[in-house]
Each structure stands twice: as C-alpha cells, then as structure tokens.
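Inside the fold
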Amino acid sequence: MELPKKFLEMFIDKDCAVTLIVDAYEITGKIVDVEDNWIMLKDERTIRIINGETIRDIRTLPKAVTTDRRVYRDNKTTLL
C-alpha cells in the first residue's frame, strides 16, 4: 500500500522517528527528501533510503535545546 505523497512531504526537514512494519524499533533522523514512494532519512552518520510501503508509523521528534552540557527535552534533563 502506497503512502500518499502529500502526507510524506509534511515531514520534510523535520526530525522524525520512523517505525517499519517488520521492525520493533524506530529509525530516527531528518527526512530530507521524498520521491515517489521513497523517503531519504539522514542522521549524523548515515543516509537511508526507505520504501514507503514498509513504513508503519512516522512521528516528529521534539526539538532538543542544548545549553552548556545539558540537553532539555520534554521536561527531562540529560547530561552530555
């Protein structure tokens, strides 16, 4: 089943978590491009090309604010 391109394009240039149908974990990164039913997802080290037919869920990630050596996300503080 092909995902509607207009829905996929809503996530371009946003940090997202993508869950695939066959995996129990999420792939995180920034969606940088959508072509036909394919998504290009980029993180710090890799670029992935994901077939839209294998996607179960896409969600945006909250923006992290880094100050000094702490990351504040969703009212939780993490030391770097």
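Quick note: structure is the one above.
As a starting point, this report considers the structure included with it. Throughout this document, residue positions are counted from 1 along each chain, in the order its sequence is written. Under the rules for a predicted model, residues below a pLDDT of 70 receive no local features and side-chain atom pairs below 80 are neither given nor counted, while totals for whole chains, interfaces and linings still include all residues. Water and hydrogen atoms play no part in the side-chain values, which are based on all heavy atoms of the structure.

The next subject is the nonpolar core. Note on terminology: a nonpolar core comprises buried Ala, Val, Leu, Ile, Met, Phe, Trp, Tyr and Cys residues joined through side-chain atoms within 4.5 Å. In this scheme, a residue with accessible area under 20% of its type's maximum is buried, one over 50% is exposed, and one in between is partly exposed, where area comes from a 1.4 Å probe on protein chains only. Val18, Ile31, Ile50, Ile55 and Ile58 are the most contacted members of the largest nonpolar core, which totals 13 residues. Helix numbering and strand numbering both begin at the N terminus, where a helix is a DSSP run of H or I of at least 4 residues and a strand a DSSP run of E of at least 2. Among the elements of the structure, β1 (15-20), β2 (26-35), β3 (38-42) and β5 (55-60) are those that each provide at least two residues to this core. Setting aside residues up to four positions removed in sequence, Ile55 forms contacts with Leu3, Val18, Thr19, Leu20, Ile21, Ile39 and Ile50. Note on contacts: a residue pair qualifies if any of its non-hydrogen atoms lie within 4.5 Å across the two residues.

Only when DSSP finds a minimum of two bridges between them are two strands counted as paired. In this sheet, β2 lies alongside β1 in antiparallel orientation, the contact comprising five bridges. Directly across from Val18, in β2, lies its bridge partner Ile27. In this antiparallel pair of consecutive strands, β1 and β2, the connection spans five residues. As defined by bridge partners, β2 adjoins β3 across five bridges and the pair is classed as antiparallel. Across the sheet, Val34 pairs through a bridge with Ile39, a residue of β3. From the end of β2 to the start of β3, which pair antiparallel, there are two residues, and Asp36 there has a positive phi angle of about 55°.

Salt bridge, as used here: a side-chain nitrogen of Lys or Arg that lies within 4 Å of a carboxyl oxygen of Asp or Glu. A full pass over the atoms with the stated rule returns two salt bridges. Among the salt bridges present, the one from Lys5 reaches Glu9, with a minimum N-O distance of 3.9 Å. Of this pair, Lys5 and Glu9 both sit in helix α1 (residues 5-9), four residues apart, which is roughly one turn of the helix. Since its relative accessible area comes to 35%, Lys5 is described here as partly exposed. Measuring nitrogen to oxygen at the nearest pair gives 3.0 Å for the salt bridge that ties Glu26 to Arg59. Of this pair, Glu26 sits in strand β2 while Arg59 sits in strand β5, placing them 33 residues apart in sequence. The exposure class assigned to Arg59 is partly exposed, which follows from its relative accessible area of 37%.

What is shown is where atoms sit, not what they do.
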